[in-house]
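# Breakdown of the fold
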Amino acid sequence: QVQLVESGGGLVQPGGSLRLSCAASGRVFSIAAMGWYRQAPGNQRELIATVFSSGSTNYAESVKGRFTISRDNASNTAYLQMNNLKPEDTAVYYCQVDYRTTSRLTTFTTWGQGTQVTVSS
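Reading the values: the criteria
- Residues numbered from 1 in each chain as written.
- Predicted model: local features only at pLDDT ≥ 70, side-chain atom pairs only at ≥ 80, totals over all residues.
- Heavy atoms only, no water.
- Helix = DSSP H or I, 4+ residues; strand = E, 2+ residues; numbered from the N terminus.
- Buried < 20%, exposed > 50% of the residue type's maximum accessible area, 1.4 Å probe, protein only.
- Polar contact = N/O pair within 3.5 Å; in protein donor to acceptor, adjacent residues only side chain to side chain.
- Contact = heavy atoms within 4.5 Å.
- Salt bridge = Lys/Arg side-chain N within 4 Å of Asp/Glu carboxyl O.
- Disulfide = S-S within 2.5 Å.

Turning our eyes to something else, we now look at the side chain of Thr77. By secondary structure assignment, the location of Thr77 is in strand β8 (residues 77–82). The class for Thr77 is buried, based on a relative accessible area of 8%. At 3.1 Å, the side chain of Thr77 forms a polar contact with the side chain of Ser75. The residues touching Thr77, leaving out its near neighbours within four places in the chain, are Cys22, Ala23, Met34, Ser70, Arg71 and Asp72.

This is the structure in structure tokens:
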């Protein structure tokens, strides 16, 4: 069993910054990918950023140039640095991790509990 603990959400004014963290603990052999999703009220959950084991990253167009995803392999932690935040970034942000528990190729997926980000003046 792998658990994810998210932190770093809160209230920030437009143009401000926040940094989210997602720490994975438990039976982790390797992590294939770590991603951040968000879900605003009335909307579907959307993928906004992914970082792969190779270090390569992908971003949704809505956050490209403003958000940066990174990971610390030693601590199995993913970060999402969010700059120039806008009111439309207001949502619950969720971390998702694809991981393996052994050297076999079977991959599992787990989610964090979510952290609220509110951008408002």
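The rest of the description comes next.
For the rest of this paragraph, the subject is the pattern of salt bridges. Summed over the entire model, instances satisfying the criterion amount to 4 salt bridges. Between Glu46 and Arg38 there is a salt bridge whose closest N-O contact spans 2.8 Å. For Glu46, a relative accessible area of 32% corresponds to the partly exposed category. In this structure, Glu61 engages Lys64 in a salt bridge whose closest nitrogen and oxygen atoms are separated by 2.7 Å. Glu61 gets classed as exposed once you look at its relative accessible area, which sits at 62%. The exposure class of Lys64 is partly exposed, given its relative accessible area of 45%. A single salt-bridge network, built from bridges that share partners, covers Arg38, Glu46, Arg66 and Asp89.

Per the stated rule, a full pass over the model turns up 1 disulfide. Disulfide pairing places Cys22 opposite Cys95 at an S-S distance of 2.1 Å. Where Cys22 bonds to Cys95 through sulfur, the torsion about that S-S bond is close to -80 degrees, and the disulfide is left-handed. Of this pair, Cys22 sits in strand β3 (residues 18–26) while Cys95 sits in strand β9 (residues 91–100), and the two are 73 residues apart along the sequence. Comparing Cys22 with Cys95 shows no difference in burial state: the two are buried.

As far as function goes, none of this settles anything; it's purely spatial.
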